[in-house]
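An overview of the molecular structure
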Amino acid sequence: MAKFKIRPATASDCSDILRLIKELAKYEYMEDQVMLTEKDLLEDGFGEHPFYHCLIAEVPKEHWTPEGHSIVGFAMYYFTYDPWIGKLLYLEDFFVMSDYRGTIEFGIGGSLKRNQSLCSMHFLVAEWNEPSINFYKRRGASDLSSEEGWRLFKIDKEYLLKMAAEE
Amino acid sequence: MASTRIREAKERDCGDILRMIRELAEFEKLSHQVKISEEALRADGFGENPSFHCLVAEVIPTPGELQGPRVVGFGLYYFIYSTWKGRNIYLEDIYVMPQYRGQGIGTKIIKKVAEVALHKGCSQFRLAVLDWNKKAMDLYKSLGAQDLTELEGWHSFRFEEAAMRQLAE
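Below: a short report on this structure. (Residues numbered from 1 in each chain as written. Chains lettered and ligands numbered in written order. Predicted model: local features only at pLDDT ≥ 70, side-chain atom pairs only at ≥ 80, totals over all residues. Heavy atoms only, no water.)

Describing the side chain of Asp 13 of chain B
Residues and elements named next belong to chain B. Turning to its location among the elements, Asp 13 is positioned in the loop between strand S1 (3–8) and helix H1 (14–27). Side-chain polar atoms of Asp 13 contact the backbone nitrogen of Lys 10, separated by 2.7 Å. Setting aside residues up to four positions removed in sequence, Asp 13 forms contacts with Arg 7, Glu 8, Val 56 and Val 71. (Helix = DSSP H or I, 4+ residues; strand = E, 2+ residues; numbered from the N terminus. Polar contact = N/O pair within 3.5 Å; in protein donor to acceptor, adjacent residues only side chain to side chain. Contact = heavy atoms within 4.5 Å.)

Points about the nonpolar core
Formed by 112 residues in total, the largest nonpolar core has its most connected members in Leu 41, Phe 74 and Ile 104 of chain A together with Leu 41, Phe 74, Phe 125 and Tyr 140 of chain B. Per-element accounting of this core gives the leading share, nine residues, to strand S3 (residues 70–82) of chain B. Among residues more than four places away in sequence, those in contact with Leu 41 of chain B are Tyr 81 of chain A together with Cys 14, Ile 17, Leu 18, Ile 21, Ile 36, Phe 46 and Phe 52 of chain B. (Core = buried A, V, L, I, M, F, W, Y, C linked by side-chain atoms within 4.5 Å. Buried < 20%, exposed > 50% of the residue type's maximum accessible area, 1.4 Å probe, protein only.)

Some points on the interface of chain A and chain B
Every contact between the two is made by 69 residues of chain A and, on the other side, 69 residues of chain B. For the pairing of chain A and chain B, the buried interface totals around 7,200 Å² over both sides, and the portion due to carbon and sulfur atoms is 61%. Counting the surface chain A buries against chain B, the share from its top three residues, Tyr 81, Trp 84 and Phe 153 of chain A, is 15%. Here Arg 87 of chain B ties to Asp 44 of chain A by a salt bridge, and the two come within 2.9 Å at their closest N and O atoms. Inspection of the region where chain A meets chain B yields 28 residue pairs in polar contact (both at pLDDT 80 or more). Looking at chain direction, strand S7 (residues 150–156) of chain A and strand S6 (residues 145–147) of chain B are connected through three bridges and run antiparallel. Note on S6 of chain B: the bridge partner recorded for Phe 153 of chain A is Asp 147 of chain B. (Buried area = accessible area lost by both parts, 1.4 Å probe. Salt bridge = Lys/Arg side-chain N within 4 Å of Asp/Glu carboxyl O. Pairing = 2+ DSSP bridges.)

Right, dumping it as structure tokens:
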């Protein structure tokens, strides 16, 4: 894979970002779970108080996908807060289309590092996703769930509404 | 009978918040990991673009009681984003001092965060808990929480600074 460019996403990239989100969800067997729309991505990422930031990987015309897409990878991140350390970068999603893997991932990683003063990076990986687990572990990542016993819990909207109704 | 109220933290609460952050880390057997200072909390939480939001649980004294209101618990949260569902809220830390537990203060804090979540258009509320903290897991489950690590196999990973520098080179 010869040339590619990593750059911050703009509002006009939202349809490509959604396309890649759906492709990644498909790879994780969770395609039907994607509820987000292009309108949500636009409002939430390019409004007054963005909820997320996005880097995209773009290739020149000679390497466009068969469907004519120039955008072949993305990384979506936002900032969280660890009360023990301070502001952290949280990598929500990171995906490069299969035909373009090999170098673009490192380009995105490098961009993230150079553009932000990072002291740590957190993300989730599904326990059955062995290739990803090995990729991250080989590069020094720790599995906090296995090593320290952390479990992620969620409370869905219907229970939030129940709680609010009880107040 | 003293009553408790949950209110938004103010900058002057940072001393109490840091004290409780340390108490919670000690409870989690991870106190060696606390590096933050009161100044950093003030700057990060109460500046123009706060990196976190915080609620505190305050015990209001009964009339005649000599001691003033005291902060006995906190909930520190921020907004996150799911590529599947959009806006979410993440409760990073929740803590009630041991002598004030069993009165429903933790539940009150969670309910207040749930209200904030709905007000801001969030579709989900997330939090992490240690697998040996059965009391906390039971409380969250009683409020409708599900264990995603158990149900869907999600593991939390982290790159520390040194590993990240290598990754970027």
